[in-house]
Amino acid sequence: MSILDIPTLHQPPKKVAPGTFLIQDIQHALGAPLSVYLNSAVIQGAEPVIVDTGSARNRDQWLQDVFGLVEPEDVRWVFLTHDDSDHTGNLSQVMDACPNAMLVCSWTLVERFSNAYEFPLRRCRWLNDGESLDAGDRTLVALRPPVYDSPATRGLLDTSTGVYWAADAFASPVPGGPGVTPIDTVADLDPEAWWGGMVMFGIHALSPWLSMVDATRYAACVKKVQAHGMSTIISGHSPVIDGPRVAQAFEMMGRLAGSEPPPCPDQTVLDMMVAAMGGE
Ligand SMILES: [Fe+2]
Ligand SMILES: [Fe+2]
């Protein structure tokens with residue numbers, strides 16, 4: 001068994017608001033009854049938007065899911081949050097398939113990712129944190145989440161639906177290994193497991209500097225993002241966060257600075273994983 005054989009589970013696109021769909025990919029963890037979402041999104045409307053471009057490993061299914069919701073020639077915007085492989089995996093396929101699409105990115109993103117992708121600069125629109133984009137029937141605001149793993153990161157708030165795409169923020173594993181369909185909203189998560197997952201991913205997988213920041217200033221930053229009044233949070237690596245869970249998620253996010261994560265998996269854990277794979 002190789003690392004490419006880690007089982008994945010397909011779930012169809014999930015409607016989270018009128019014309020707004022979560023594109024779902026789920027990767028099961030090795031050696032633990034847990035799974036991780038690898039999501040992206042599509043916003044239909046006067047000027048359809050693809051938000052992040054999924055993983056190369058899930059390319060065929062991802063393209064099928066996305067272009068089942070929007071015709072390639074109708075896509076007007078491709079919003080890229082940051083330069084990680086689980087968000088840029090099908091970028092070149094999308095830009096080739098969607099001749100009328102502009103790529104919404106930033107100087108930071110182009111600087112960091114030009115080694116892997118030849119940006120069509122005449123088709124790019126640079127949008128910094130706090131700036132907005134007129135997408136015909138809606139205004140989209142680039143809004144950096146408080147937790148992130150690339151300085152290029154900007155989330156995307158659709159002010160017409162209140163749906164906020166939070167990039168990597170609010171990441172948490174969900175219960176359910178191979179053969180088990182994971183839950184799809186955080187309301188189904190055990191609260192302790194949700195908090196533990198957010199701490200583990202927030203500190204070990206995204207922002208290890210959380211232990212160094214001033215907790216009060218950090219909490220104020222979280223409040224500033226929350227003040228935009230989003231009603232639903234979707235993101236790359238979380239079940240849907242909606243209803244009263246939005247406030248709860250922000251409250252948890254505000255406590256991440258200074259929180260103690262469990263130990264980061266080490267060589268002992270890797271040895272166990274390799275043994276479980278048959279020693280290959
Ligand atoms: Fe990332
Ligand atoms: Fe990610």
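Residues numbered from 1 in each chain as written. Chains lettered and ligands numbered in written order. Predicted model: local features only at pLDDT ≥ 70, side-chain atom pairs only at ≥ 80, totals over all residues. Heavy atoms only, no water.

As annotated in an unreviewed UniProt entry, the chain carries the name Metallo-beta-lactamase domain-containing protein and comes from Pseudonocardia hydrocarbonoxydans.

1. Quick word on the packing of helix α5 (residues 191-206) against helix α7 (residues 245-254)
It is the contact of α5 with α7, at a shortest axis distance of 11 Å, that shows an interaxial angle of 45°. As judged from the angle between their axes, α5 and α7 are oblique. In terms of crossing hand, the pair formed by α5 and α7 is right-handed. Side by side, α5 and α7 meet where Trp-194, Trp-195 and Met-198 of the first sit next to Arg-245, Gln-248, Ala-249, Met-252 and Met-253 of the second. Considered class by class, the residues forming the contact of α5 with α7 number 6 nonpolar, 1 polar and 1 charged. (Axes fitted to C-alpha atoms, helices over the stretch in contact; angles between N-to-C directions. Helix = DSSP H or I, 4+ residues; strand = E, 2+ residues; numbered from the N terminus. Parallel < 35°, antiparallel > 145°, perpendicular 65-115°, else oblique. Left-handed = near helix turned anticlockwise from the far one by under 90°. Contact = heavy atoms within 4.5 Å. Nonpolar A, V, L, I, M, F, W, Y, C, P; charged D, E, K, R; others polar.)

2. Here we look at the pattern of salt bridges
Within this structure, the stated rule accounts for 5 salt bridges. Two residues, Arg-138 and Asp-158, come together in a salt bridge whose shortest N-O distance is 2.8 Å. Of this pair, Arg-138 sits in the loop between β9 (132-134) and β10 (139-143) while Asp-158 sits in strand β11 (residues 155-158), and the two are 20 residues apart along the sequence. Of the two residues, Arg-138 and Asp-158, neither departs from the other in class, the shared state being buried. A salt bridge links Glu-251 to Arg-255, with the shortest nitrogen-to-oxygen separation between them at 2.7 Å. For Glu-251, a relative accessible area of 40% puts it in the partly exposed group. (Salt bridge = Lys/Arg side-chain N within 4 Å of Asp/Glu carboxyl O. Buried < 20%, exposed > 50% of the residue type's maximum accessible area, 1.4 Å probe, protein only.)

3. Details of the pairing of strand β7 (residues 102-105)
Across 3 bridges, the pairing between strand β6 (residues 77-79) and β7 is parallel. Across the sheet, the residue bridging to Val-78 is Leu-103, located in β7. Note that β7 and strand β8 (residues 124-126) share 3 bridges and pair parallel. Note that in β8 the partner of Cys-105 across the bridge is Trp-126. (Pairing = 2+ DSSP bridges.)

4. Some words on α5
Residues spaced three or four apart along an α-helix face the same direction, because each turn holds 3.6 residues. For α5, spanning 16 residues, the distance from its first C-alpha to its last is 21 Å, which sits close to the expected 22 Å at 1.5 Å a residue. Turning to α5, its buried residues number three or more, namely Trp-194, Trp-195, Gly-197, Met-198, Val-199, Phe-201, Gly-202, Ile-203 and Leu-206. Where α5 begins, the capping side chain belongs to Asp-190, and its oxygen is found 3.2 Å from the backbone nitrogen of Glu-192. (Expected span 1.5 Å × (residues − 1). Polar contact = N/O pair within 3.5 Å; in protein donor to acceptor, adjacent residues only side chain to side chain.)

5. Observations concerning the coordination of the iron ion (ligand 2)
Ideal geometry at a metal gives 109.5 degrees between four tetrahedral donors and either 90 or 180 degrees between six octahedral ones. On the protein side, the iron ion (ligand 2) has Asp-86 (OD), His-87 (NE2), Asp-168 (OD) and His-237 (NE2) as donor atoms, found 2.0 to 2.2 Å from it. One can describe the donor arrangement at the iron ion (ligand 2) as irregular, given that its 4 donor atoms subtend angles of 82 to 170° at the metal. All donor residues of the iron ion (ligand 2) come from one chain, and their arrangement in sequence is D-H-x80-D-x68-H. Taken as an interatomic distance, the gap from the iron ion (ligand 2) to the iron ion (ligand 1) is 3.5 Å; Asp-168 donates to each of them. (Donors = N, O, S within 2.8 Å, 3.2 Å for Na, K, Ca; no water. Tetrahedral: all angles 85-135°; square planar, octahedral: opposite > 155°, others 65-115°.)

6. Here we look at the coordination of the iron ion (ligand 1)
For the iron ion (ligand 1), the full set of protein donor atoms is His-82 (NE2), Asp-84 (OD), Asp-149 (OD), Asp-149 (OD) and Asp-168 (OD), and the range of their distances to it is 1.9 to 2.5 Å. Residue classification places Asp-149 among the partly exposed residues on the basis of a relative accessible area of 28%. The exposure class assigned to Asp-168 is buried, which follows from its relative accessible area of 3%.

7. Brief notes about the sheet that holds strand β14 (residues 232-234)
Strand order in this open sheet of 6 strands is β9-β10-β11-β12-β14-β15, and the pairing throughout is mixed. Unpaired on one side and paired on the other, β9 and β15 (241-242) mark the two borders of the sheet.

8. Quick notes on the packing of aromatic side chains
Enumeration over the complete set of coordinates arrives at 4 aromatic pairs. Aromatic pair Tyr-148 and Trp-209: ring centres 5.5 Å apart, planes at 50°, arrangement tilted. Residue Tyr-148 is found in the loop between β10 and β11, and its partner Trp-209 is found in the loop between α5 and α6 (215-226); the two are separated by 61 residues along the sequence. What makes Tyr-148 buried here is its relative accessible area of 19%. Relative to Phe-250, the ring of Phe-170 has its centre 5.4 Å away and its plane inclined at 90°; by these criteria the two rings are edge-to-face. In this pair, Phe-170 sits in the loop between β12 (163-165) and β13 (174-175) while Phe-250 sits in helix α7, placing the two residues 80 residues apart along the sequence. The rings of Phe-113, Tyr-117 and Phe-119 are connected pair by pair, giving a single aromatic cluster. A cation over an aromatic ring shows up here: Arg-255 above the ring of Trp-195, its NZ or CZ 4.4 Å from the ring centre. (Phe/Tyr/Trp six-rings, centres within 6.5 Å; stacked < 30°, edge-to-face > 60°. Lys NZ or Arg CZ within 6 Å of the ring centre and 35° of its normal.)

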